[in-house]
Amino acid sequence: MVSEPVVFIDGEAGTTGLEISERLLSLPVQIHSVDPARRKDPQARAEAMQAADLVVLCLPDDASRDAVEMIGQFSAQGKRAPKILDASTAFRTAPGWVYGFPELAADQPEAIMRAERVSNPGCYPTGAIALLRPLIDAGVMEPSFPVTINAVSGYTGGGRTMIEEQERAGGPAFLLYGLNLAHKHLPEIRQHALLDRRPIFVPSVGHFPRGMIVSIPVHMDLLVKGTTVEDLRRILEEHYAASSFVTVAGPENTLVADTMAGSDGMELRVHADAEGRHAVLTARLDNLGKGASGAAIQNIALMLGISPN
Ligand SMILES: NC(=O)C1=CN([C@@H]2O[C@H](COP(=O)(O)OP(=O)(O)OC[C@H]3O[C@@H](n4cnc5c(N)ncnc54)[C@H](OP(=O)(O)O)[C@@H]3O)[C@@H](O)[C@H]2O)C=CC1
Ligand SMILES: CC(=O)N[C@@H](CCC(=O)OP(=O)(O)O)C(=O)O
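The name given to the protein chain in an unreviewed UniProt entry is N-acetyl-gamma-glutamyl-phosphate reductase, with Acetobacter aceti as the source organism. Quoted straight from UniProt, the Pathway (unreviewed entry) entry for the protein chain says "Amino-acid biosynthesis; L-arginine biosynthesis; N(2)-acetyl-L-ornithine from L-glutamate: step 3/4." Under Subcellular location (unreviewed entry), UniProt gives the following word-for-word description of the protein chain: "Cytoplasm".

This is the structure we're talking about:
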């Protein structure tokens, strides 16, 4: 009998790590954990990594960089190195890493399957890239298009610290942040959506645990001449026709941010005025679902050559 592949989640006790370990129960894998008292002990972690076929890093960026360095030394020591899926922001634009958004392009699932190192996309970039990349690939939006991205996330997006702040009585109802216009997701969005021009990105957090809307307003006359609202819908529908996770839905007059909580799917929409002068593209997802752990499960299944249930 062929034994099940072994997965070690470094940072298993964190927000993303916990979600991934729960979802992994649906895959034919063995999950190896370290004794919680030794979860930050480099030796215990190195032993767990050496025994694994795949290591999932759910750590802050600097700790992820250290873990990748640690695994890099295994080959130098003549030891077998596991594949790596990193959930942090540290490697999403790094050379030698494959971007773990299987719906990015037709050949992306194959690239993820073959890769030794895969970066799991950020929650906001998942929505923004899903909306923008097919339009740029189809040639209706120029890479120099002046893109503005507005987004709202549930507070679990800020990890344990923000969850504790928000769940203490008196947490703020709604706040804009990233107003220095240098959010850590900008390079990732730009690189994988294939934008030449740096987008303006205004994220926000609402007083709800999980859910997200990413919205991108479009002046239709700034798209390639002759592009209609129907073209935008058709391009997105064709791009995601075979996806089990991403759907293109009809426009709505109101969108509630947390209706996808608990789901690994993502809904895309093209809203427009009656004259077709303006459009607003939206992506609605769970920041911890398709925005993190759901995508991680898709990537783990591809990297280990198993089908998700
Ligand atoms: N929350 C989200 O929506 C998303 C988060 N991510 C990414 O996932 C990563 C983790 O985020 P999140 O789960 O939210 O954060 P959390 O703060 O909830 O969890 C981080 C975990 O890592 C542990 N940890 C920290 N340093 C080390 C170390 N040196 N060695 C071993 N364990 C360590 C922490 O332990 P302790 O608490 O004891 O310090 C904690 O269990 C981040 O890089 C984030 O960008 C990705 C997508 C979405
Ligand atoms: C609400 C909130 O704080 N969100 C985080 C993004 C979520 C995250 O840290 O994870 P990823 O980079 O992997 O998506 C932020 O803006 O920094």
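Student: Just to check I follow, could you spell out the UniProt feature "active site" (unreviewed entry) in the protein chain for this structure?
Tutor: UniProt marks C123 with the feature "active site" (unreviewed entry), using the numbering shown here. Looking at the element boundaries, C123 is found in helix α5 (residues 123–137).

Student: What is the right way to look at the site of ligand 1 in this model?
Tutor: Close to ligand 1 lie 26 residues; G14, T16, S88, G159 and A292 are nearest. Of all the secondary structure elements, the ones that give two or more residues to the shell around ligand 1 are α1 (15–24), α3 (61–76), α6 (159–167) and α9 (289–304). Per-element accounting of the shell around ligand 1 gives the leading share, three residues, to α1. Its residues placed into classes, the shell around ligand 1 shows nine nonpolar, 12 polar and five charged. Shared between two domains, the shell around ligand 1 holds at least three residues of each, these being domain 1 (6–121 + 293–304) and domain 2 (123–287).

Student: It is not clear to me how the sheet that holds strand β2 (residues 30–32) should be interpreted in this structure. Could you clarify?
Tutor: Note: strands within a sheet are paired through backbone hydrogen bonds, in either parallel or antiparallel orientation. The six strands lie next to each other as β2-β1-β3-β4-β6-β5, forming an open sheet whose pairing is parallel. The outermost strands of the open sheet, each flanked by one partner alone, are β2 and β5 (98–99). Pairing of strand β1 (residues 6–10) with strand β3 (residues 54–57) involves four bridges; the strand directions are parallel. Residue pairing in the sheet places F8 in a bridge with V55 of β3. Packed onto the sheet, α1 meets β1, β2 and β3 and runs at close to 160 degrees relative to β1. Strand contacts of α3: β1, β3 and β4 (83–86), with the helix running at about 175 degrees to β4, the strand carrying the most contacts.

Student: What is the right way to look at the environment of E142 in this model?
Tutor: Its place among the elements puts E142 in the loop between α5 and β7 (148–153). Take E142: there are 15 C-beta atoms within 10 Å of it, and that puts it in the partly exposed class. For the pair E142 and L195, spaced 53 residues apart in sequence, the C-alpha to C-alpha distance is 8.0 Å.

About the criteria used
- Residues numbered from 1 in each chain as written.
- Chains lettered and ligands numbered in written order.
- Predicted model: local features only at pLDDT ≥ 70, side-chain atom pairs only at ≥ 80, totals over all residues.
- UniProt positions renumbered as here; feature names shortened; annotations may be inferred.
- Helix = DSSP H or I, 4+ residues; strand = E, 2+ residues; numbered from the N terminus.
- Near = placed C-beta within 6 Å.
- Nonpolar A, V, L, I, M, F, W, Y, C, P; charged D, E, K, R; others polar.
- Domains from an automatic or database assignment.
- Pairing = 2+ DSSP bridges.
- Contact = placed C-beta atoms within 7 Å.
- Axes fitted to C-alpha atoms, helices over the stretch in contact; angles between N-to-C directions.
- Buried ≥ 20, exposed ≤ 12 C-beta atoms within 10 Å, placed from the backbone.

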